Structures are given as structure tokens and as C-alpha cells.
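Structural characterization, general
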Amino acid sequence: MGSKKVRNYSNKGVKNIENADSSKTLKSQQMKKQRQDNYTKIDKSPVTNPDSSNSSVHKTFLFVVLALLVATTAVILTNDNLKHFMISEISEETAEFRLPIIDLDKAKVDQQAVAAQVVDALENIGFLYVDNIHGIDFDKLMECCKWFFGQPKEVKESLMRKHWKPENQNVYRGYFPVVEGDPSRKEGFEFGRDIDPNDPNDPTVQTGNWFYEPSVWPKENGSFPFKELLQNYYEILHNASLDVLRLAAVGLGIDEHSFDPIFADRPVTTFRLMHYPPWNDAPPANAKIEDGKIITTPEHSDSNFLTMLYTFHYTGLEVLTADGKWSAPEPRPGSFVMNIGDVFSRMMGGRFKATRHRVLDIGVDRYSVPFFFEPSYDGDIGVNFMSLATGQGPEHKVEKYGPWMIQQVKYIKKVL
Ligand SMILES: O=C(O)CCC(=O)C(=O)O
Ligand SMILES: [Fe+2]
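Bear in mind that the values here come from a model prediction, so they are computed numbers and not experimental data.

1. Things to note about the coordination of the iron ion (ligand 2)
- Coordination of the iron ion (ligand 2) by the protein is provided by H300 (NE2), D302 (OD) and H357 (NE2), with metal-donor distances spanning 2.1 to 2.2 Å.
- Every donor residue of the iron ion (ligand 2) comes from the same chain, spaced as H-x1-D-x54-H. One end of the pair, D302, is in the loop between strand 9 (293–300) and strand 10 (306–310); the other, H357, is in strand 14 (residues 357–360), with 55 residues separating them in the sequence. One exposure class covers both D302 and H357, and it is buried.

Below, the structure written as C-alpha cells:
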């Protein structure tokens with residue numbers, strides 16, 4: 001029982017990690033103790049106690065339980081509807097599971113089939129893998145993370161949001177630091193698409209509209225094209241997100257380009273690099289522990305439209321499945337994890353799920369790269385989207401994304 005719990009704390013859950021033997025002594029002592037505690041608990045159980053005088057009865061009982069487990073698993077795996085919940089390992093704490101896989105190459109030859117898969121995944125899980133997004137060099141993406149987070153403190157500080165460095169002008173994007181003592185231990189760098197800040201024909205692009213504030217970039221010395229790579233990957237992920245939305249539209253039986261206008265010209269999308277450094281010593285007293293695991297990003301649903309997330313080879317991401325259990329999607333290098341956010345779910349009247357997820361501390365440096373795909377400032381994200389697309393059903397009213405989001409952040413979530 002305790003093995004998965006311990007695995008989530010340990011280096012074993014992460015492949016090819018440098019610093020694998022770094023100073024985690026304290027944590028590993030805690031893990032060891034926890035493992036011993038778990039074994040102690042198990043050893044006390046009459047079922048597994050070999051000294052028990054009723055051991056043959058217990059062996060028979062164990063055999064029956066095992067046989068039942070095998071039979072149940074066989075039934076589950078042969079049921080087509082449940083195949084996407086295939087569980088590779090089962091534990092009482094977290095089941096590792098395989099998300100549905102959407103293959104963008106396959107979609108070019110069998111659009112209907114892949115479109116149906118997208119709709120099924122969004123209706124039932126809200127999370128999926130996207131295979132075959134071409135043009136991203138994942139080694140270079142990792143290098144982007146390491147290059148940026150390895151910059152001297154002064155460089156990162158010069159890009160800090162105004163919130164942390166009042167003399168800086170960037171409110172919305174830029175760098176956010178690790179806050180010592182904070183239970184959520186992470187730093188990040190964010191940028192958006194460059195939009196002409198002086199476009200006289202666009203009233204949404206004005207000073208003070210922080211969605212369109214110019215991105216801030218670290219100085220480069222010519223040895224690594226950080227900005228060029230990331231701006232290129234931004235456009236690739238923008239197009240891939242639209243590709244998935246077009247598949248969703250086909251699967252819903254509406255015009256393939258129904259979602260396109262929401263993102264036209266000036267999406268306020270944020271592309272973020274993230275670094276979760278491990279605690280050097282024991283986690284702080286206020287660290288969030290759930291199911292015996294240290295949480296570094298608490299349970300949440302994304303507030304944007306949809307997210308394309310690259311997690312390299314790292315574990316740590318957990319998804320709350322419909323049965324109320326936390327499940328850990330297997331890392332799938334070369335493939336993005338996609339999930340939808342509150343805005344899209346709301347437009348669809350909850351038909352598509354904005355699934356809750358969280359990130360665990362895995363005890364070593366972890367990098368991840370979320371692309372938060374968001375509408376244009378004046379993109380229409382009003383409810384009853386399907387009525388707009390089909391001309392039938394409850395009335396759709398236009399709601400503009402920018403003002404709606406500002407309202408949410410200021411008055412509903414109260415973070416500004
Ligand atoms: O780092 C991850 O794997 C996921 C991060 C996440 O869920 C978020 O930033 O919204
Ligand atoms: Fe998230």
C-alpha cells in the first residue's frame with residue numbers, strides 16, 4: 001500500500017534527473033519512517049501476518065480476493081467505454097492512468113474519428129494527451145527552462161512583476177519568484193504575443209490594459225536564442241490549440257471554425273515556463289500535505305479557456321477523476337497534456353469538464369511549460385455557445401473575455 005505514496009516523494013518517480021542524489025537526506029529519512037510506519041500497519045493486519053494460526057484460512061481468503069481482482073480488471077479492460085481509464089498500476093492513494101490520446105496526424109486522415117475522441121475526452125475527463133504537435137524541439141524547450149531559471153538573480157529580478165518590484169512596469173507578465181516560506185514553491189516566466197501597443201485602430205490595445213502589455217525579455221548574448229525559440233513555440237501551440245478546437249467543433253456537429261473568431265488576431269494567451277525547486281531542507285511547517293503527499297500547487301481548475309501543458313518526463317501532476325480519486329497521468333514525453341479551463345466549460349454549460357488537478361512536490365527540480373490559451377480581449381465567451389453555433393436552444397448573450405475576466409479576478413476571486 002505505501003509504495004506509491006513513498007514513490008511520489010522520492011527520486012524514483014522521475015527518470016533521468018540530474019541531482020538525483022542531492023541533499024534530500026531529511027526528506028528521505030521521513031519517507032523511510034513513513035514507509036516503516038506503513039509496513040508496521042500492514043504487519044499488524046491478521047491477513048498478512050504469517051504467524052497467525054489461521055494462516056491457511058487466510059491464504060484461501062487472499063486467493064479469492066486476488067482472483068476477484070483479476071476477474072474485475074479483465075471485465076474493466078474489455079469494456080470499450082472504460083478503456084481510456086486503463087489503470088497501469090493500482091494503489092490505494094493514487095492510480096496511475098493513461099489519458100485519451102488525440103493524434104493530430106491521424107486527424108488529417110480520419111477527422112471524424114479523432115473529432116469524436118476529442119468530444120468524448122472533453123465530456124468525460126476534461127484532460128487528454130495531444131500527440132504530433134510538430135516543430136517543437138523538446139530538448140531545446142528544456143534548455144529554455146534551464147537557461148532562464150539559471151540566470152543570475154539580478155536578471156530575473158529585472159523582469160519581476162510590479163507586484164514584487166514596484167519600480168517595474170510589467171503588471172501581468174514577466175518573472176515571479178519563489179517566495180521562501182510559501183507552501184507553493186515555484187518560480188515562473190511568462191510572456192504573450194507581441195501586439196502593437198500603439199495601434200490607433202484598436203481601442204482594446206491601450207496603456208493600462210495589462211492583457212496587452214508588452215512582454216519583457218531577458219538580455220541574450222547570442223549564445224542561445226531564448227526569445228526566438230519561445231516565440232516560435234508560442235505560434236505552434238496557438239495553431240495546435242485551434243486544431244484541437246476545430247476537431248471539437250466537428251465532433252459537436254457544428255461548423256469546424258465555430259471557435260476561431262474567439263481567438264482572432266489578438267489572443268491574450270500567456271505562455272509560461274515553470275520551475276519547482278525542491279526544498280533544501282524539510283518542507284515548511286505550513287506545507288500542504290494531502291493523502292500523505294506534499295502539494296506544491298494546490299487543487300484547482302484552470303481559469304482560462306484551455307491549457308496545453310508540457311511536463312517533460314516528470315511525474316507530479318495529478319488529476320481528480322469523476323470517481324473523486326486523484327490519478328496520476330503517466331508522463332508522455334513528446335506529447336502535450338491538454339485540459340480545458342473554466343471559461344470553455346462555462347460556455348458549454350458544463351458539458352465539457354474543467355477538471356481539477358494539483359501538482360506534488362517530487363523532491364527534485366521539476367520543470368513544466370503550460371501554454372494558457374486565451375481568447376482575444378473582446379472575444380465572445382458568453383454562455384449557451386451551442387445556441388450561437390446552431391441557432392437553437394437557450395439564448396446566447398455576448399460577453400467579452402477581457403472585461404469578464406477582470407471582473408472575475410477583481411471581484412469574484414478577489415486577487416487584484
Ligand atoms: O506544472 C504542472 O504540471 C501543472 C501546472 C498547473 O496546473 C498550472 O500552472 O495551472
Ligand atoms: Fe493548472
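2. Section: the environment of H163
- Within the secondary structure layout, H163 lies in the loop between helix 7 (153–158) and strand 5 (174–176).
- Owing to a relative accessible area of 65%, H163 belongs among the exposed residues under this scheme.
- Taking the C-alpha atoms as reference points, H163 and F176, separated by 13 residues in sequence, lie 9.0 Å from one another.

3. Structural notes on the sheet that holds strand 10
- Judged by pairing direction, the sheet is mixed, and its eight strands sit side by side in the order 3-4-13-10-15-7-6-5 without closing on themselves. Lying at the two open borders of the sheet, with one neighbouring strand each, are strand 3 (101–103) and strand 5. Each neighbouring strand pair of the sheet contributes to a mean axis angle of 25°, computed without reference to strand direction.
- Bridge count between strand 7 (residues 270–276) and strand 15 (residues 366–373): five bridges; the pairing is antiparallel.

4. Some points on the side chain of H396
- Relative to the helices and strands, H396 is located in the loop between helix 10 (385–390) and helix 11 (401–412).
- In this structure the side chain of H396 is engaged in a polar contact, spanning 2.7 Å, whose partner is the side chain of D380.
- Residues within four places of H396 in sequence aside, it is in contact with D380, G382, V383, N384, F385, S387 and L388.

5. Observations concerning the site of ligand 1
- The environment of ligand 1 is formed by R272, M274, Y276, H300, D302, L309, T311, H357, V359, R366, S368 and F372.
- Between ligand 1 and the protein, one listed contact pairs an oxygen atom with a side-chain N or O atom of D302 at 3.2 Å.
- R366 is positioned with one of its side-chain polar atoms (N or O) 2.9 Å from an oxygen atom of ligand 1.
- Starting from 290 Å² of accessible surface for ligand 1 in isolation, the protein chains cover 94%.
- Only strand 7, strand 14 and strand 15 provide two or more residues apiece to the shell around ligand 1.
- Looking at the shell around ligand 1 residue by residue, the class counts come to five nonpolar, four polar and three charged.

6. Brief notes about empty space enclosed by the protein
- Applying the stated rule across the entire model yields four cavities of 30 Å³ or more.
- Size it by volume and the second largest cavity reaches roughly 60 Å³.
- In terms of lining, the second largest cavity is formed by R185, Y276, P277, P278, W279, T296, L360, D361, I362, V364 and R366.
- Residues of the lining of the second largest cavity, tallied by class, amount to seven nonpolar, one polar and three charged.

7. Remarks on the UniProt feature "domain: Fe2OG dioxygenase" (unreviewed entry) in the protein
- Sites flagged by UniProt as "domain: Fe2OG dioxygenase" (unreviewed entry) map to residues 267–375.
- End-to-end, the C-alpha atoms of residues 267–375 are 5 Å apart, and along that stretch the chain is 6% helix and 44% strand.

8. Details of the pattern of salt bridges
- Taken as a whole, this structure holds 22 salt bridges when the rule is applied.
- Between E235 and R193 there is a salt bridge, with the nearest N and O atoms lying 2.7 Å from each other. Of this pair, E235 sits in helix 8 (residues 226–252) while R193 sits in the loop between strand 6 (187–191) and helix 8, and the two are 42 residues apart along the sequence.
- Overall, E235 belongs to the partly exposed group, its relative accessible area being 30%.
- Between E318 and R358 there is a salt bridge; the shortest N-O distance is 2.7 Å. Separated by 40 residues along the polypeptide, E318 in strand 11 (residues 317–320) and R358 in strand 14 bring together distant segments of the chain. A single burial state applies to E318 and to R358, both of which are buried.

9. Some details on the environment of G402
- Mapping G402 onto the fold places it in helix 11.
- Classification of G402 by relative accessible area gives buried; the value is 0%.
- For the pair G402 and M347, spaced 55 residues apart in the sequence, the C-alpha separation amounts to 15 Å.
- Setting aside chain neighbours within four positions, we find G402 in contact with F211 and Y377.

10. Here we look at the packing of helix 6 (residues 138–149) against helix 8
- Interhelical geometry of helix 6 versus helix 8 gives an angle of 130° and a closest axis separation of 10 Å. One way to sum up the angle between helix 6 and helix 8 is to call them oblique. Along this stretch, helix 6 crosses helix 8, giving a crossing that reads as left-handed. Of helix 8, the residues touching helix 6 (which contributes K140, L141, C144, W147 and F148) are F226, L229, L230 and Y233.
- Residue composition of the contact of helix 6 with helix 8, by class: eight nonpolar, no polar and one charged.

11. Considerations on the packing of helix 5 (residues 111–124) against helix 8
- The geometry of helix 5 relative to helix 8 is characterised by a closest axis approach of 7 Å and an angle of 95° between their N-to-C directions. Viewed along their axes, helix 5 and helix 8 adopt a mutual orientation that is roughly perpendicular. Across the interface between the two elements, Q111, Q112, V114, A115, A116, V118, V119 and L122 from helix 5 touch V244, L247, A248, V250, G251 and L252 from helix 8.
- For the contact of helix 5 with helix 8, the residue count by class is 11 nonpolar, three polar and no charged.

Rules behind the numbers
Residues numbered from 1 in each chain as written. Chains lettered and ligands numbered in written order. Predicted model: local features only at pLDDT ≥ 70, side-chain atom pairs only at ≥ 80, totals over all residues. Heavy atoms only, no water. Donors = N, O, S within 2.8 Å, 3.2 Å for Na, K, Ca; no water. Helix = DSSP H or I, 4+ residues; strand = E, 2+ residues; numbered from the N terminus. Buried < 20%, exposed > 50% of the residue type's maximum accessible area, 1.4 Å probe, protein only. Pairing = 2+ DSSP bridges. Axes fitted to C-alpha atoms, helices over the stretch in contact; angles between N-to-C directions. Polar contact = N/O pair within 3.5 Å; in protein donor to acceptor, adjacent residues only side chain to side chain. Contact = heavy atoms within 4.5 Å. Near = heavy atom within 4 Å. Areas by Shrake-Rupley, 256 points an atom, 1.4 Å probe, with all protein chains shown as cover. Nonpolar A, V, L, I, M, F, W, Y, C, P; charged D, E, K, R; others polar. 1 Å grid on protein atoms, 1.4 Å probe; cavity = no way out; pocket = protein on both sides within 12 Å on 5 of 7 lines; lining within 4 Å. Points joined across faces, edges and corners; volume = space filled by probe spheres on them. UniProt positions renumbered as here; feature names shortened; annotations may be inferred. Salt bridge = Lys/Arg side-chain N within 4 Å of Asp/Glu carboxyl O. Parallel < 35°, antiparallel > 145°, perpendicular 65-115°, else oblique. Left-handed = near helix turned anticlockwise from the far one by under 90°.

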